[in-house]
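Coordinate analysis (summary)
As a plain string of letters, each chain reads:
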Amino acid sequence: MKVKKYLVRDVAEAMKMIKEDLGDNAVILSTRKVKKGGWFFGLGAKTFFEVTAVVEDENHKKQSEKPKRIGREDIYKLQEILEKNRQERLQKAITESKAIQASNNSNVTDEMEKIKEMISELKMMVISGKTTNIPPGIEKIAKSMQIHEIDNEVTSKLVEFLRMNYGDIDINNEEIEYKLIDYLRPYIKTEEVSLEGRIIFVGPTGVGKTTTLAKIAARLALEEKKRIAILTLDTYRIAAAEQLKTYASIMNIPIRVAYTPQEARMHLNAMIDYDAILIDTAGRSQKNDLQMRELKAIVDTVIPEKVFLVVSMTARFLDIKDILRKFKEVGPTHVILTKLDETNAMGPIINVPYTSNLPISFITNGQRVPEDIFVANTFELTKMVVKEVLNYARTS
Ligand code: GDP
């Protein structure tokens, strides 16, 4: 694979150079504006474009014409390049979403959520506080659950259950682990889905939709040998579609880009022969009503079999609640929790299905495609949450 950067006055000029240098198969990975020259404070500086292009080398191309066979090193190499671009895009997305937040006056709902949260915390304090004289073993568990940002309602119910049934508990006793697993298990709803037909990925910006789609695509195509295709409607971010195109070309998976819901429908009609079509969408802010309506229009047109709502485990519970409430209008069928590797708080594993009643289908735990993803399983997840809660309770 050959990657080259060009500094040009306009993108058309770059296209010409790329074609001459790298040939017709080159793909543009990113385009960004840079200012060069000028005097103090950039006065008189000229605007240029830095265009990054990539092309597979001939040997690789020949190999990829044969039935699917990719090297993981190729994906890693590509990931390094993409990661740099992603960081820039993420920064841009954060700035944009902050601007939207500032100009949006849907803060009333936020305030209501905060009040609800406070009431719930107060309830928790009453239950776990001095008034009811909570036994020390149970109190340690309750404190640890709070540290893990587990919904206070769930914690209060568990506290009541433990008090009623055991009076107090010895947190160092092995048995307690099984008691907690038994109690919390029904809260952690999961579902292993069959990945067939049209599967759309929705969610806020930067949560890992594209990466997760690539992980699932790689698994389906390379391990399960399914015939799959990708459709992207993420044309909002410069180079987002190009990134996915590059992933797809390495994995030898057909990909189409749609700029409107109508175009998406047209492409989908032409893709009926595939076992599964994975559909990427642009990250949408739950605080922007127009973006949410656009997303709903896309989902209504695509008529997907599955709608995966992708939620980052690093988000605050207050924000997760907001995301779940707003994205509900789009009709999610399952949740994918991402970035388990970046958080110590186990809360979302309980809170998300408890608040939304949606099952968790996958959990992702790193940036590597395709390794860092696993199928969600209620027993395994409950065991993990209980272990972490007990760890904190025992060592604090
Ligand atoms: P999108 O905007 O929702 O499509 O998000 P991307 O797929 O572009 O991912 C945003 C960033 O999150 C990238 O740097 C990804 O490598 C990273 N990412 C995605 N999933 C995970 C994960 O499970 N763990 C970690 N640590 N990073 C992730």
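Whatever comes next refers back to the structure up there.
Note that the structure is a prediction, hence the values are computed from the model and not measured. (Residues numbered from 1 in each chain as written. Predicted model: local features only at pLDDT ≥ 70, side-chain atom pairs only at ≥ 80, totals over all residues. Heavy atoms only, no water.)

**Here we look at the side chain of glutamate 177**
Checked against the element boundaries, glutamate 177 lands in helix 7 (residues 175–184). Using a relative accessible area of 16% as the deciding quantity, one classes glutamate 177 as buried. Look past the residues within four positions of glutamate 177 in its chain and what remains in contact with it is Lys383, Val386, Lys387 and Leu390. (Helix = DSSP H or I, 4+ residues; strand = E, 2+ residues; numbered from the N terminus. Buried < 20%, exposed > 50% of the residue type's maximum accessible area, 1.4 Å probe, protein only. Contact = heavy atoms within 4.5 Å.)

**Quick notes on the packing of helix 8 (residues 209–223) against helix 9 (residues 240–251)**
At a closest axis distance of 11 Å, the pairing of helix 8 and helix 9 adopts a crossing angle of 10 degrees. Compared by their axis directions, helix 8 and helix 9 come out roughly parallel. Counting all contacts with helix 8, which are made through Thr210, Leu213, Ala214, Ala217 and Ala218, the residues of helix 9 involved are Leu244, Tyr247 and Met251. For the contact of helix 8 with helix 9, the per-class residue count stands at seven nonpolar, one polar and no charged. (Axes fitted to C-alpha atoms, helices over the stretch in contact; angles between N-to-C directions. Parallel < 35°, antiparallel > 145°, perpendicular 65-115°, else oblique. Nonpolar A, V, L, I, M, F, W, Y, C, P; charged D, E, K, R; others polar.)

**Brief notes about the site of the ligand**
As a structural note, the neighbourhood of the ligand is formed by 16 residues, with Lys209, Thr210, Thr211, Asp341 and Thr364 the closest of them. With respect to the ligand, the backbone of glycine 208 contributes an N or O atom lying 3.0 Å from an oxygen atom. A distance of 3.2 Å is found between an oxygen atom of the ligand and a backbone nitrogen or oxygen belonging to lysine 339. Burial of the ligand by the protein amounts to 96% of the accessible area it has alone, namely 590 Å². Contributions of two or more residues to the shell around the ligand are made by helix 3 (72–103) and helix 8. Across the shell around the ligand, the residue classes tally to one nonpolar, eight polar and seven charged. (Near = heavy atom within 4 Å. Polar contact = N/O pair within 3.5 Å; in protein donor to acceptor, adjacent residues only side chain to side chain. Areas by Shrake-Rupley, 256 points an atom, 1.4 Å probe, with all protein chains shown as cover.)

**Some thoughts on the packing of aromatic side chains**
The final tally for this structure, using the stated rule, is six aromatic pairs. Ring-pair connections join several aromatic residues into one group, and the members of that group are Phe161, Tyr166, Tyr183, Tyr187 and Tyr354. For the cation-ring pair, lysine 179 lies above tyrosine 166, with the distance from its terminal atom to the ring centre recorded as 4.5 Å. (Phe/Tyr/Trp six-rings, centres within 6.5 Å; stacked < 30°, edge-to-face > 60°. Lys NZ or Arg CZ within 6 Å of the ring centre and 35° of its normal.)

**Digging into the pairing of strand 5 (residues 228–232)**
Most of strand 5 sits out of view: five of its five residues are buried. Of the two faces of strand 5, both are covered, the one formed by Ile228, Ile230 and Thr232 as well as the one formed by Ala229 and Leu231. Pairing of strand 5 with strand 7 (residues 276–280) involves five bridges; the strand directions are parallel. By the bridge assignment for strand 7, isoleucine 228 is matched with alanine 276. Alignment of strand 5 against strand 6 (residues 255–257), held across three bridges, turns out to be parallel. Paired with threonine 232 across the two strands is valine 257, which belongs to strand 6. (Pairing = 2+ DSSP bridges.)

**Structural notes on the sheet that holds strand 7**
The strands that make up a sheet pair up through hydrogen bonds in the backbone, lying either parallel or antiparallel. The strand order across the open sheet formed by eight strands is 6-5-7-4-8-9-10-11, and the pairing between neighbours is mixed. The sheet terminates laterally at strand 6 and strand 11 (373–375), the two strands that pair on one side only. Each strand of the sheet is rotated relative to its neighbour by a mean of 20 degrees, with strand direction disregarded. In the packing of helix 9 onto the sheet, the strands contacted are strand 5, strand 6 and strand 7, and the crossing angle to strand 6 comes to about 165 degrees. Sheet strands in contact with helix 11 (residues 289–302) are strand 4 (197–202), strand 7 and strand 8 (306–312), and its direction is about 170 degrees off that of strand 4.

Everything listed here is a matter of geometry and, on its own, says nothing about what the molecule does.
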